Amino acid sequence: MIYVPDLPGLQKPELQALPQIRDRLSFLYLEHCVINRQDGAITVADVRGTVHVPAASLGVLLLGPGTSISHRAMELMGDAGVSILWVGEHGVRYYAHGRPLTHSSTLLLRQAELVCNTQSRVAVARKMYQMRFPNEDVSTLTMQQLRGREGARVRSVYRRMSHETGVPWSGREYDPEDFDAGSPVNMALSAAHACLYGVAHSVIVAMGLAPGLGFVHAGHERSFVYDIADLYKADITIPIAFQVAAEKAEDIGAVTRRRVRDAISNGHILARVVKDIRWLLLGDDAAQEEAETNIVYLWDNKRGAVPNATSYGKDLDWTEPEELTEGYGKILEE
């Protein structure tokens, strides 16, 4: 094997040079093609020809059946902070994501702090439900009451969309291992939700947050993803799924994905998700843009943080124990 340190093409971009997640395209779905890299773009080749897609413009890349992707293309996706999802007939499997588009761990620490305290965790959960019930006061409701209120709201949305579109609805029934076994509306819901989960996951990791630290959901590696995606289902994916089912589309998955992509783009959902997450975690301080830093501190239990790359302890009169100095002598003799 020959190692070539400097491959031709563009150099790895600095984080500050990459587009922010709120300014990117939502997702790109590809199938039955070969994906490679040319400089700062991925190349997508099939029987019809080859197209170039700027990597840094993508938020999520969905790889459907029949796709083959090179190591160099995956390297570019990771450097550009693009999430990669493998999509198949049996649903979505999340395999990889790019590096966070931030050097700061401020939001991650805030997320962990809020999740690990029962009172603050409930407070964030109430804020999530408040976004669904803007005209109601949920400040005194328990988690059990909030779940019951949300369940009733979602059932009401399903009934309303069924009435408006004429699509029969008997409940959310699907087999994660057999996409085609569901009813048309359940197939459309699965495809739509999968896209929304991918977008939410991409935003979360791009902001340097932990997908597994959820406030309403718990115990799963994507708990926070489900928390965030649930905020937008009633407005985006559920209506789209019923509309696609009503049209009796031949390829339900493809039509649904395109509708969700357009809704996310036209509704500026990426920017909205970023804004909503910052408000959930930072409250009124979310309006203050967090300065991007590339500084490493040392944790201090009294001062919070102290400078890194500093030689501490010069003012201490510390003498090595005798057994250590004797050990050093023996090593030198040997």
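A few points on the structure. (Residues numbered from 1 in each chain as written. Predicted model: local features only at pLDDT ≥ 70, side-chain atom pairs only at ≥ 80, totals over all residues. Heavy atoms only, no water.)

Quick word on the overall build of the protein chain
Tallying secondary structure elements over the protein chain gives 10 helices and 10 strands in all. The buried share among the 334 residues of the protein chain stands at 41%. Approximately 19400 Å² of the protein chain is accessible, and the part contributed by carbon and sulfur atoms is 52%. (Helix = DSSP H or I, 4+ residues; strand = E, 2+ residues; numbered from the N terminus. Buried < 20%, exposed > 50% of the residue type's maximum accessible area, 1.4 Å probe, protein only. Areas by Shrake-Rupley, 256 points an atom, 1.4 Å probe, with all protein chains shown as cover.)

A closer look at the sheet that holds strand S2 (residues 33–38)
Here we have 4 strands laid out as an open sheet, ordered S4-S3-S2-S6, and mixed in their pairing. At either end of the open sheet lies a strand with only one pairing partner, and these are strand S4 (49–54) and strand S6 (67–69). Shown here is a sheet whose adjacent strand axes are inclined to one another by a mean of 25°, direction ignored. Lying over the sheet, helix H1 (residues 71–79) contacts S2, strand S3 (41–46) and S6, oriented at roughly 65° with respect to S2. (Pairing = 2+ DSSP bridges. Axes fitted to C-alpha atoms, helices over the stretch in contact; angles between N-to-C directions. Contact = heavy atoms within 4.5 Å.)

Re the packing of helix H5 (residues 184–206) against helix H9 (residues 269–282)
One way to put it is that H5 packs onto H9 with a least axis distance of 10 Å and a crossing angle of 55°. By the angle between their directions, the pair H5 and H9 is classed as oblique. Regarding H5 and H9, the two cross each other, and that crossing is right-handed. Contacts between H5 and H9 pair Val-199, Val-203 and Ile-204 from the former with Leu-270, Val-273, Val-274 and Ile-277 from the latter. Looking at the contact of H5 with H9, its residues break down into 7 nonpolar, no polar and no charged. (Parallel < 35°, antiparallel > 145°, perpendicular 65-115°, else oblique. Left-handed = near helix turned anticlockwise from the far one by under 90°. Nonpolar A, V, L, I, M, F, W, Y, C, P; charged D, E, K, R; others polar.)

Topic: unusual backbone geometry
Positive phi is not limited to glycine here, since His-32 has a value of about 50°. Examined against the element boundaries, His-32 turns out to sit in the loop between strand S1 (25–30) and S2. The phi angle at His-268 is positive, at roughly 50°, despite the residue not being glycine. Within the fold, His-268 resides in the loop between helix H8 (252–266) and H9. Owing to a relative accessible area of 57%, His-268 belongs among the exposed residues under this scheme.

Examining H5
Taking 1.5 Å as the rise per residue, H5 with 23 residues should run 33 Å; its terminal C-alpha atoms sit 33 Å apart, in good agreement. Burial runs high along H5: 22 of the 23 residues are buried. (Expected span 1.5 Å × (residues − 1).)

Points about H8
Given a rise of 1.5 Å per residue, 15 residues ought to cover 21 Å, and the 21 Å separating the end C-alpha atoms of H8 matches this to within 8%. Buried within H8 are the following residues: Ile-252, Gly-253, Ala-254, Val-255, Thr-256, Arg-257, Val-260 and Ile-264. At the C-terminal side of H8, His-268 shows a positive phi close to 50°.

As for the pattern of salt bridges
If you walk through the whole model with that rule in mind, you get 12 salt bridges. Measuring nitrogen to oxygen at the nearest pair gives 3.3 Å for the salt bridge that ties Asp-262 to Arg-261. The exposure class of Asp-262 is partly exposed, given its relative accessible area of 35%. Overlapping salt bridges bring together Arg-37, Arg-72 and Glu-75 as one network. (Salt bridge = Lys/Arg side-chain N within 4 Å of Asp/Glu carboxyl O.)

Thoughts on the nonpolar core
If you look at the biggest cluster of nonpolar residues, it comprises 55 residues, and the most contacted ones within it are Phe-27, Met-128, Leu-209, Phe-215, Phe-224, Ile-228 and Ile-277. Among the elements that make up this core, the one with the highest residue count is H5 (12 residues). Excluding anything up to four places from it in sequence, Phe-224 contacts Gln-111, Met-128, Ile-204, Leu-209, Ala-210, Pro-211, Leu-213, Gly-214, Phe-215 and Ile-277. Counting residues in hydrophobic clusters, the runner-up holds 16 residues, among them Ile-42, Val-53, Ala-55 and Leu-58. (Core = buried A, V, L, I, M, F, W, Y, C linked by side-chain atoms within 4.5 Å.)

Points about the environment of Leu-280
Within the secondary structure, Leu-280 sits in helix H9. By relative accessible area, which is 3% here, Leu-280 ends up buried. Between the C-alpha atoms of Leu-280 and Ala-125, which are 155 residues apart in sequence, the distance is 8.8 Å.

With respect to the pairing of S4
In this sheet, S4 lies alongside S3 in antiparallel orientation, the contact comprising 6 bridges. When the sheet's bridge partners are listed, Thr-43 is paired in S4 with His-52.

Details of the packing of aromatic side chains
The full count for this structure, using the stated rule, is 5 aromatic pairs. Consider the rings of Tyr-197 and Tyr-226, whose centres lie 5.0 Å apart with planes at 75°: the pair is edge-to-face. Highlighted residues: Tyr-197 in helix H5 and Tyr-226 in helix H6 (residues 223–229), separated in sequence by 29 residues. Grouping aromatic residues by their ring pairs yields a cluster made of Tyr-158, Trp-169 and Phe-242. Positioned above the aromatic ring of Phe-133 is the side chain of Arg-153, whose terminal nitrogen or guanidinium carbon lies 5.8 Å from the ring centre. (Phe/Tyr/Trp six-rings, centres within 6.5 Å; stacked < 30°, edge-to-face > 60°. Lys NZ or Arg CZ within 6 Å of the ring centre and 35° of its normal.)

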